[in-house]
Protein chains: 2
Amino acid sequence: MPLNPADDAFAGTLAQHLPEDTLRRAEPRYLEEPRGRWQGSALWVALPRSTDEAAIIVRACNDASVAILPYAGGTGLVGGQITEDGPPPLLVSLERMNAVREVFPRENVLVAEAGAILAEVQAAALEHGRLFPLSLASEGTARIGGLLSTNAGGLNVLRYGNARDQVLGIEAVLPDGSILRGLKRLRKDNTGYDLRHLLIGAEGSLGLITAAALKLSPVPAGTGTAFFTVPGPSAALDLLALAREQIGEGISAFELISRTGLDFLTEAIPDQRQPFDTPPEWCVLIELGLAKGLDPAEALQTLFMEAFDRGIVEDGLVAQSEQQRQDFWAIRERIPEANRVIEAISSHDISVPLGLVPEFIDRGAPLLAAIGPYRINCFGHLGDGNLHYNVFPPKGGRREDHYDQREAIKRTVHDLVAELNGSVSAEHGVGRLKVDDLERYGDPAKLAAMRAIKAALDPKGIFNPGAVLRSVS
Amino acid sequence: MPLNPADDAFAGTLAQHLPEDTLRRAEPRYLEEPRGRWQGSALWVALPRSTDEAAIIVRACNDASVAILPYAGGTGLVGGQITEDGPPPLLVSLERMNAVREVFPRENVLVAEAGAILAEVQAAALEHGRLFPLSLASEGTARIGGLLSTNAGGLNVLRYGNARDQVLGIEAVLPDGSILRGLKRLRKDNTGYDLRHLLIGAEGSLGLITAAALKLSPVPAGTGTAFFTVPGPSAALDLLALAREQIGEGISAFELISRTGLDFLTEAIPDQRQPFDTPPEWCVLIELGLAKGLDPAEALQTLFMEAFDRGIVEDGLVAQSEQQRQDFWAIRERIPEANRVIEAISSHDISVPLGLVPEFIDRGAPLLAAIGPYRINCFGHLGDGNLHYNVFPPKGGRREDHYDQREAIKRTVHDLVAELNGSVSAEHGVGRLKVDDLERYGDPAKLAAMRAIKAALDPKGIFNPGAVLRSVS
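What you are looking at is a predicted structure, and each value in this text was computed from that prediction instead of being measured.

### Notes on the overall build of chain A
Alright, step 1. Across its full length, chain A carries 14 helices and 18 strands.
Alright, step 2. What you see for chain A is a C-alpha radius of gyration of 23 Å, in line with the 23 Å of a compact globule of 473 residues.
Alright, step 3. The principal-axis extent of the C-alpha atoms belonging to chain A is close to 70 × 55 × 45 Å.
Alright, step 4. For chain A, the residues scored as buried account for 61% of the 473 residues in total.
Alright, step 5. Contacts in chain A between residues at least 24 apart in sequence constitute 74% of all its contacts with a sequence separation of at least 6.
Alright, step 6. Total accessible area computed for chain A in this model is approximately 17200 Å², and 49% of it derives from carbon and sulfur atoms.
Alright, step 7. Side chains of chain A carry 46 positive and 62 negative charges; the gap between the two charge centres is 4 Å.

See below:
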């Protein structure tokens, strides 16, 4: 069944059923994305103020077979928020539904609308002495609806899980315009299929999330942060295992950084201070958040000493102040910035089973060297087995000169990931970028079930057509 | 489309495609359930030794339109494992697929077949110095497949989450006989819809889970257990909030027990020692599991003193030995046993938002008193907002004499739960017992989506027909 465009005629008719100024012409900011790989085609954006208005919009689109493109912070890296092909969709942005509706400190629950910005949700939780642990680079602009639709990961997954693990309930508009009233504040609810987890991570292809009941966690009483240099990725894993034995669940983040990453900082952002005089081949940034009665700096010291005795760390720096802690994190957080300056030929957001990370790193480098003299900046969330594995031209080279190898590079990396039973999209999602990869590497039974579910819940295929699954129309 | 029976002719044909002794006549143990409310009709049980054999069985059933009843430990309380109506189904038990396939200590992952018994999985994890935190009364017989299919809860949900939260990946046979190869050991994998969470909690109505990759947690360095008496449920919630402030994530269990529960123990199990000389109106059993460097007994002492100053606890006992700890837990764990002796008219497994637990308890008693002079044993997982709210005849009375009020009692309790935005099945599932309740209290949009998903994945309706959703054939 072909889709119809969300053109002026459609927008004009829909506008009659909604308060003034609910529909606007789509400004350029809705049609761009961070990496400049896609250019959106939407003509109109709908800006509902309530779930009921959102339902009116969805119902009208379904009746008219008009595509809907749910739009949140716009920071996604895989094109899930951009439609290039097919008739222009109606962009639906929940930026006006950005309230933290209620906080229930005694329940450790916060209810937010899907347009709420992550940093504001974090702040609202903190005001009540609670932690909303989801944290990532774009937290100042990313919105709850987008974070849930993409099941965002970030820096604290090791301890608190992914975005989906922070959610007790969701409210959503389903493709037929019905409202899923699942905003439960319950820790236990076994009444039927878990539609919450189906919509979370569906990248807007099964419905429009309008609000969520989110779990809050205790704020750790004390935080400690350190850089430890390690002989290599395998030692880093041993360090993580040792840290878990000594410290239990108190490890909040465990990030791997390679010499290439530190060199890239020097090259692209020379004013960024480095933690070590001589950049080590490998180091980890480790953060602890401990309960009352424990001293994080002391715990890091004890960890270092034992790890040093075992030969799995070589040098270490424990942050002595909040300023130094922020300086440490700046190293980690500015690596993507340096990457953007140097410009990768191909970037990969992959995960493998934790124990296979060293094998992946060991085998990846020579496979790529066989294609060309590339530089690999491999960094990221080692504690989750999730690496950002980005491939760059040789020093002084331009990425444009290597575009003919882009597909071969990607294929080499993803083939190795698949061989190791990993994921070619660990935290960024499938979007439009990885539809082919999903078809190539995905489990056929899973894909068939996904297509059946999509057809069952969205028979006209109006929700984010072409994202996650190839458009059938 | 009507289903066909798994009769001798069908079993004879299917047996030809499988190794000897894969099919057996169903012994009575497969046709009974703990509360004696249903009597199964299956004639044959299939006992596959591998996922491939399971797939052959499912495919044959799908081809012949024969119903499949996945069977695990058989301890479910809502009849999910029993088919009374319709043509006899083929019972499929994975009791021969009971291996812990592999343990990955460095990854904190354990891969188990669906027939593995929970206690054996716990033990395998402990052998590697890791904790598999799912824990419940039937852990000596419950199997992983059943625990996941019902998204079991239990004693440690407050800290570690429900069964679904312990799962990184699953392998399953889908209704068409295809094998979902989702046994990923990944913390992050955003490649398409989360079928794992759809099958978990589907109570065997969408496919047959054959294996799972399970998350392991650190074993807490020290455990502390205490009974605190509290003025009432609201004070118990204040105590929980205070404990979270002082102890953070270290609270493993927080169970509420009422005077009725303690009286029931005296009445039904007189040899069971009681913690307090005079049974308090309300008490909580609290357990901490703390990291190295913290003293749980000291933490409980500090908590008690601060709580006593605030008037939210009245008396307290901290276990001084492992034996005393086990004695404390015996109180909690023998309450269901006492309930079985005294015999409830109606039992309810409900949850409400944590902050509304006191309101639920306050309002429930007079509503039931208006129906009759019943005794209410309200106990359970307060930390999760999950109460087992069981209604008994007056002392000396027989439940049979009150059966005419059973429906009114259930309706009163469930109406109140629904009004408070709770769940009428917190941890036991829908099974056959609560299909009506799901239709009455469930969100219509959710039910419609569930039916669409069921029809899409299991178009012939062969998987556990009549469980969760009313059978359409």
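### Some thoughts on the domain arrangement of chain A
Residues and elements named next belong to chain A.
Alright, step 1. Here the domain parsing of chain A yields domain 1 (8-95), domain 2 (100-218), domain 3 (220-342) and domain 4 (343-431).
Alright, step 2. Taking only C-alpha atoms into account, the centre of domain 1 sits 22 Å from that of domain 2.
Alright, step 3. At the interface, 15 residues of domain 1 touch 22 residues of domain 2.
Alright, step 4. Where domain 1 abuts domain 2, roughly 1400 Å² becomes buried across the two surfaces, and 65% of that area is made up of carbon and sulfur atoms.
Alright, step 5. Among the residues domain 1 hides against domain 2, the three largest losses belong to Thr51, Val58 and Leu94. Together they make up 35% of the total.

### Some points on the pattern of salt bridges
Alright, step 1. Inspection of every chain in the model, using the stated rule, returns 68 salt bridges over all chains.
Alright, step 2. A salt bridge links Arg159 of chain A to Glu249 of chain B; the shortest N-O distance between them is 2.7 Å. With Arg159 of chain A in helix α5 (residues 157-160) and Glu249 of chain B in the loop between α7 (233-247) and β13 (251-258), this pair bridges two chains.
Alright, step 3. Relative accessible area serves as the criterion here: at 17%, Arg159 of chain A is assigned to the buried category.
Alright, step 4. Classification of Glu249 of chain B as partly exposed rests on a relative accessible area of 31%.
Alright, step 5. Where Asp401 of chain B meets Arg398 of chain B, a salt bridge forms, and the shortest distance between an N and an O atom there is 3.2 Å.
Alright, step 6. Connected via shared salt-bridge partners are Asp21, Arg24 and Arg96 of chain A.

### Thoughts on the packing of helix α8 (residues 259-268) of chain B against helix α10 (residues 322-342) of chain B
The description of two helices packed together rests on the angle between their axes and the distance between the axes.
Residue and element names in this part refer to chain B.
Alright, step 1. Between α8 and α10, whose axes approach to 9 Å, the crossing angle comes to 65°. Seen along the crossing, α8 lies across α10 with a hand that is left-handed. The segment α8 lies against α10, with Gly261, Leu262, Phe264, Leu265, Glu267 and Ala268 engaging Ile331, Arg334, Ile335, Ala338, Asn339, Val341 and Ile342.
Alright, step 2. A breakdown of the residues in the contact of α8 with α10 according to their chemical character gives 9 nonpolar, 2 polar and 2 charged.

### Section: the pairing of strand β9 (residues 179-182) of chain A
As a general feature of sheets, a regular strand has side chains that alternate between the two faces.
Residues and elements named next belong to chain A.
Alright, step 1. Bridge analysis of strand β8 (residues 167-173) against β9 gives 4 bridges, and the strand direction is antiparallel. Each residue of the ladder has a partner; that of Ile170, found in β9, is Gly182.
Alright, step 2. Connecting β8 to the next strand, β9, in antiparallel fashion are 5 residues, including Gly177 with a positive phi near 90°.

### Observations concerning the packing of aromatic side chains
Alright, step 1. All told, the structure shown has 14 aromatic pairs over all chains when counted by the stated rule.
Alright, step 2. Lying over the aromatic face of Phe104 of chain A, Arg185 of chain A brings its terminal NZ or CZ to 3.7 Å of the ring centre.

### Regarding the UniProt feature "domain: FAD-binding PCMH-type" (unreviewed entry) in chain A
Alright, step 1. If you check UniProt for "domain: FAD-binding PCMH-type" (unreviewed entry), the listed places come out as residues 37-219 of chain A in our numbering.
Alright, step 2. Here residues 37-219 of chain A runs as 21% helix and 24% strand, with 39 Å between its end C-alpha atoms.

### Here we look at the sheet that holds strand β4 (residues 90-93) of chain B
Residues and elements named next belong to chain B.
Alright, step 1. In space, the 4 strands of this open sheet follow the order β1-β2-β4-β3, with mixed pairing throughout. Across the chains shown, the open sheet's two edge strands, defined by having one partner strand only, are β1 (23-25) and β3 (68-71). Geometrically, the sheet is characterised by an average inter-axis angle of 30° between neighbouring strands, direction not taken into account.
Alright, step 2. In terms of strand pairing, β1 meets strand β2 (residues 44-46) through 3 bridges, oriented antiparallel. By the bridge assignment for β2, Arg25 is matched with Trp44.
Alright, step 3. Its contacts with the sheet place helix α1 (residues 8-15) against β1, β2 and β4, and it is angled at close to 155° to β1.
Alright, step 4. On top of the sheet, helix α2 (residues 51-64) reaches β2, β3 and β4; it is set at about 165° to β4, its chief contact.

### Points about the sheet that holds β8 of chain A
All names here are of chain A.
Alright, step 1. Spatial strand order, β5-β6-β10-β8-β9: 5 strands in an open sheet with antiparallel pairing. Strands with a single pairing partner mark the edges of an open sheet, and in this sheet they are β5 (100-104) and β9. The sheet shows a mean angle of 15° between the axes of neighbouring strands, direction not considered.
Alright, step 2. Strands β5, β8, β9 and β10 (208-215) of the sheet are contacted by helix α2 (residues 51-64), whose axis makes an angle of about 50° with β8.
Alright, step 3. On top of the sheet, helix α3 (residues 118-127) reaches β5, β6 (109-113) and β10; it is set at about 150° to β6, its chief contact.

### Focus on the interface of chain B and chain A
Alright, step 1. Residue-level contacts link 86 residues of chain B with 85 residues of chain A.
Alright, step 2. Between chain B and chain A the total buried area reaches about 6800 Å² when both faces are included, carbon and sulfur atoms providing 55% of it.
Alright, step 3. Among the residues chain B hides against chain A, the three largest losses belong to Arg106, Lys188 and Tyr193 of chain B. Together they make up 16% of the total.
Alright, step 4. Counting across the chain B and chain A interface gives 10 salt bridges.
Alright, step 5. Across the pair Asp238 of chain B and Arg106 of chain A runs a salt bridge whose closest N-O atoms are separated by 2.8 Å.
Alright, step 6. For the pair chain B and chain A, the number of links is 42 residue pairs in polar contact (both at pLDDT 80 or more).
Alright, step 7. Broken down by secondary-structure element, the contributors of at least two residues to the side of chain B that touches chain A are α5 (157-160), β9 (179-182), α6 (195-199), α7 and α14 (444-457) of chain B.
Alright, step 8. With 9 residues, the single largest contributor to the side of chain B that touches chain A is α14 of chain B.

### Side note on the relation of the copies chain B and chain A
Alright, step 1. Of the two same-sequence chains, chain B is brought onto chain A (RMSD 0.0 Å, axial shift 0.0 Å) by a rotation of 180°. In the structure described here, the two chain copies are related by an operation that fits a two-fold rotation axis.
Alright, step 2. The overlap is high: 99% of the interface residues of chain B also sit at the interface in chain A, so the same surface is used on both sides.

Reading the values: the criteria
Residues numbered from 1 in each chain as written. Chains lettered and ligands numbered in written order. Predicted model: local features only at pLDDT ≥ 70, side-chain atom pairs only at ≥ 80, totals over all residues. Heavy atoms only, no water. Helix = DSSP H or I, 4+ residues; strand = E, 2+ residues; numbered from the N terminus. Rg over C-alpha atoms; globule rule 2.2 N^0.38 Å. Buried < 20%, exposed > 50% of the residue type's maximum accessible area, 1.4 Å probe, protein only. Contact = heavy atoms within 4.5 Å. Areas by Shrake-Rupley, 256 points an atom, 1.4 Å probe, with all protein chains shown as cover. Lys, Arg positive; Asp, Glu negative; His and termini not counted. Charge placed at Lys NZ, Arg CZ, Asp CG, Glu CD. Domains from an automatic or database assignment. Buried area = accessible area lost by both parts, 1.4 Å probe. Salt bridge = Lys/Arg side-chain N within 4 Å of Asp/Glu carboxyl O. Axes fitted to C-alpha atoms, helices over the stretch in contact; angles between N-to-C directions. Left-handed = near helix turned anticlockwise from the far one by under 90°. Nonpolar A, V, L, I, M, F, W, Y, C, P; charged D, E, K, R; others polar. Pairing = 2+ DSSP bridges. Phe/Tyr/Trp six-rings, centres within 6.5 Å; stacked < 30°, edge-to-face > 60°. Lys NZ or Arg CZ within 6 Å of the ring centre and 35° of its normal. UniProt positions renumbered as here; feature names shortened; annotations may be inferred. Polar contact = N/O pair within 3.5 Å; in protein donor to acceptor, adjacent residues only side chain to side chain. Least-squares fit on C-alpha atoms with pLDDT ≥ 70 in both.

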